[in-house]
Amino acid sequence: MIRLAPFILLVLIGCSTPYEHPTGSYNGLLKFPSITYHIYLDWEKPRPVVINTTFKASEFQLDTIFYSNDSLHFRLKEFYSEYKGRFNKETNRITGQWTDEDSVDHPLEFVAVNPDTVLGLYPRTSKNYSYQPPILEDDDLSVCDTSDQGMIGSPIDTVIQRIIRGKYRDVHSLLVSRNNCLVVEEYFYRYDRDYVYNIQSATKSFVSALLGIALDKGEVRSIDETLCSNLPAYENQVCNPQNQDITLRQLLTMSTGFSWDEQTYDYMDKRNSLAIASNEKDQFFHLFSKARAKLATPVFAYNTLNHLLINAVLLNTTHLDNKEELTERLLKPLGIVNAFIDEPTPMGVIGDIGLRPRDMLKFGLLYLNNGNWNGEQIISPKWIKESTTEKIKPRASLGYGYFWWTKDFEWNGRKVSSYFAWGYGGQYIFVLPEIQLVIVMSGSNWGTDPEGQAMEMVDEIISSIK
């Protein structure tokens, strides 16, 4: 089966067009037992482009594509797949077979379409937007109209229209809750409320929550404990003179002192520290062998391995594997049943998790309500406050707590504080307790900077509150 991923059309080899080729746009449905892929063929120019629009437009990297006589052929070496079809000028259709990596043929017919009608190419097929309150589901989330929660509709409408028209790029979902009531729930491209997203580094805030629970239970005594006393599997690496004073607090605030740069370069860039570490069999060994500065004033250096190390500490102290701990202590109490939890890394700990946007919202509401969900105290209010309060300053406009970012916004001429979980690609959970606001976003706006268009969107949403 083919995998979904963003690709750029890099190579077109052997393009031959001695006969009149199709002109325009074509759409086809490639049906597999578990999923139907939407394949779009753009032939507005002499050389065609093949795009996967199953969720959001992603060009395929083709090794070969040519048209000869009435036959179209293209090949995707990476997927061990190819397509062979014939063009019927009278019907303006291309009929053929997609051969998958197992050499199984699947019928695939391309039918002429108007590009503006193809969902997946654009956020919406219509540029018009009319607000509708969210639908009530059986998931413990209340739904309301914006007007019932003291919100003006026009700023919300503006945000949605800007997503639809492309000013705010690559946004897949936007959810807004006011006063514990979901007032906005919008999805774009082919994404919907049931789609489970990899929330990327927003996972760190979940790990922070799990550490808070372990502290509440007395399984971890203090965040000022060292790795040396909590990571016996790496005793030689964390108890040596260079690393023996690394504390959980330093991990949580991204201030361990290791030489590490994860934000200057994209994660696909081989100069990115995490990209370099990903090629190592054991990333912890790699990290602990790096140079480490011991400074009187802590210096922020964003490091994804820090939350994996906290997971390793939790594995050691709770005697639960990470998946069981996450499921039993957070997901089940919140009624989250559609999460994706990958297999453990070679270090024995889990990495990022996948959630639906509504379930991301539940986590934000848990924090808005000081760790209480439907009358059950899941996390202590003390840890909620401590972990979401600024401890270090990555830059003038941003603070950082314990795996939570912090930022101030303006509302009615005064400052309001927020804290937020952030994940690569535009996965956000914003919590603004003073105005009882939680905002969730998901997307594919890839970048290593947590500040971007999301902040402008939050500003606009805040302006809707009377």
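Residues numbered from 1 in each chain as written. Predicted model: local features only at pLDDT ≥ 70, side-chain atom pairs only at ≥ 80, totals over all residues. Heavy atoms only, no water.

**Topic: the packing of aromatic side chains**
Under the convention used in this document: To pair, rings of Phe, Tyr and Trp, with the six-membered ring standing in for Trp, must have centres within 6.5 Å; the planes then decide the type, stacked if under 30 degrees apart, edge-to-face if over 60, and tilted in the middle. We count a stretch as a helix when DSSP gives it H or I for four or more residues in a row; a strand needs E for two or more, and each element gets its number in order from the N terminus. Charges are assigned to positions over rings by a cutoff of 6 Å between ring centre and Lys NZ or Arg CZ, combined with an angular limit of 35 degrees from the ring normal.
Per the counting criterion, the structure on display carries 37 aromatic pairs. On the basis of an interplanar angle of 75° and a centroid distance of 6.1 Å, the ring pair of F74 and W98 is categorised as edge-to-face. With F74 in strand β6 (residues 71-76) and W98 in strand β8 (residues 93-99), the pair connects residues that are 24 residues apart, well separated along the chain. By the ring-pair criterion, three or more aromatic residues cluster together here, those being F300, Y302, Y400, W405, F409, F420, W422, Y428 and F430. Its end group placed over the ring of Y189, K56 keeps NZ or CZ at 5.6 Å from the ring centre. Of note, K407 hangs over the ring of F409, and the distance from its end group to the ring centre comes to 5.7 Å.

**A word on unusual backbone geometry**
Under the convention used in this document: When a residue's accessible area, from a 1.4 Å probe over protein chains only, is under 20% of the maximum for its type it is buried; when over 50% it is exposed; and in between it is partly exposed.
Even without being glycine, D140 reaches a positive phi, approximately 70°. Among the secondary structure elements, D140 is positioned in the loop between β9 (105-112) and α1 (153-164). A positive phi is found at N370, a non-glycine position, where the angle reads about 55°. With respect to the secondary-structure elements, N370 resides in the loop between α9 (357-368) and β15 (372-373). For N370, a relative accessible area of 41% puts it in the partly exposed group.

**What to know about the pairing of strand β19 (residues 405-411)**
Short version of the rule: Whether two strands pair comes down to DSSP finding at least two bridges between them.
In terms of residue burial, β19 counts as a mostly covered element, since five of its seven residues are buried. Of the strand pairs in this sheet, strand β18 (residues 398-400) and β19 are connected by two bridges, and their pairing is antiparallel. The residue of β19 that forms the bridge with G399 is T406. The loop that links β18 with its antiparallel partner β19 comprises four residues; one of these, F403, has a positive phi angle of about 65°. Note that β19 and strand β20 (residues 414-423) share seven bridges and pair antiparallel. The residue of β20 that forms the bridge with E410 is K415. Between β19 and β20, which pair antiparallel one after the other, the connecting turn spans two residues, and N412 there sits at a positive phi close to 50°.

**Details of the pattern of salt bridges**
For clarity, the threshold we go by: In what follows, salt bridge is the name for a side-chain nitrogen of Lys or Arg lying within 4 Å of a carboxyl oxygen of Asp or Glu.
Taken as a whole and assessed by the stated rule, the structure comprises 28 salt bridges. E456 is paired through a salt bridge with K167; the nearest N and O atoms lie 3.0 Å apart. Taken as a pair, E456 in helix α11 (residues 453-462) and K167 in the loop between α1 and β10 (171-178) lie far apart in primary sequence, 289 residues in all. For E456, a relative accessible area of 35% translates into the label partly exposed. On the basis of relative accessible area, K167 is assigned to the partly exposed category, the value being 44%. The structure contains a network of salt bridges with shared partners spanning E137, D139, E185, R193 and R358.

**A closer look at helix α8 (residues 322-331)**
Threshold: By construction, the arc corresponds to the directions joining the helix axis to the C-beta atoms. We call two residues contacting when some pair of their heavy atoms lies within 4.5 Å. Polar contact is defined as a pair of N or O atoms within 3.5 Å, subject to the rule that within protein one atom must be able to donate a hydrogen and the other to accept it, and that residues adjacent in sequence are counted only when both atoms are side-chain atoms.
Listed as buried for α8 are N322, E325, L326, R329, L330 and L331. Projected onto a plane normal to the axis of α8, the buried residues spread over an arc of 150° and lie on a single side. For α8, the elements touching its buried residues are α2 (203-216), α7 (305-318), β13 (340-341), β14 (353-355) and α9. In this structure D321 caps α8, since a side-chain oxygen of it lies 3.1 Å from the backbone nitrogen of K323.

**Quick look at the state of the cysteines**
Between two cysteines, a covalent bond joining their sulfur atoms is known as a disulfide. Put simply, the rule reads: By disulfide we mean two sulfur atoms from cysteines, separated by a distance within 2.5 Å.
According to the stated counting rule, one finds two disulfides in the structure shown. Covalent S-S linkage joins C144 and C181, the inter-sulfur distance amounting to 1.8 Å. Taking the sign of the S-S torsion, about 90° here, the bridge from C144 to C181 comes out right-handed. With C144 in the loop between β9 and α1 and C181 in strand β11 (residues 181-187), this residue pair connects regions lying 37 residues apart in the sequence. Each member of the pair, C144 together with C181, is buried. Across the disulfide, C228 is cross-linked to C239 (sulfur-sulfur distance 2.1 Å). Measuring handedness by torsion sign, the sulfur bridge of C228 and C239 sits at about 110° and is right-handed. One end of the pair, C228, is in the loop between α2 and α3 (235-238); the other, C239, is in the loop between α3 and α4 (248-252), and 11 residues separate them in sequence. Judged by relative accessible area, which is 28%, C228 ranks as partly exposed. Disulfides within the chain link the bonded cysteines, taken in sequence order, as 1-2, 3-4.

**Digging into α9**
So the rule is basically this: Helices are assigned an expected span. That span is 1.5 Å times one less than the residue count.
Compared with an ideal rise of 1.5 Å per residue, which puts 12 residues at 16 Å, α9 spans 16 Å between its outermost C-alpha atoms and is within 8% of the ideal. Counting buried positions over the 12 residues of α9 gives 12, a clear majority of the element. Those residues of α9 that sit buried are P357, R358, D359, M360, L361, K362, F363, G364, L365, L366, Y367 and L368. Following α9 by one or two positions, N370 has its phi on the positive side, about 55°.

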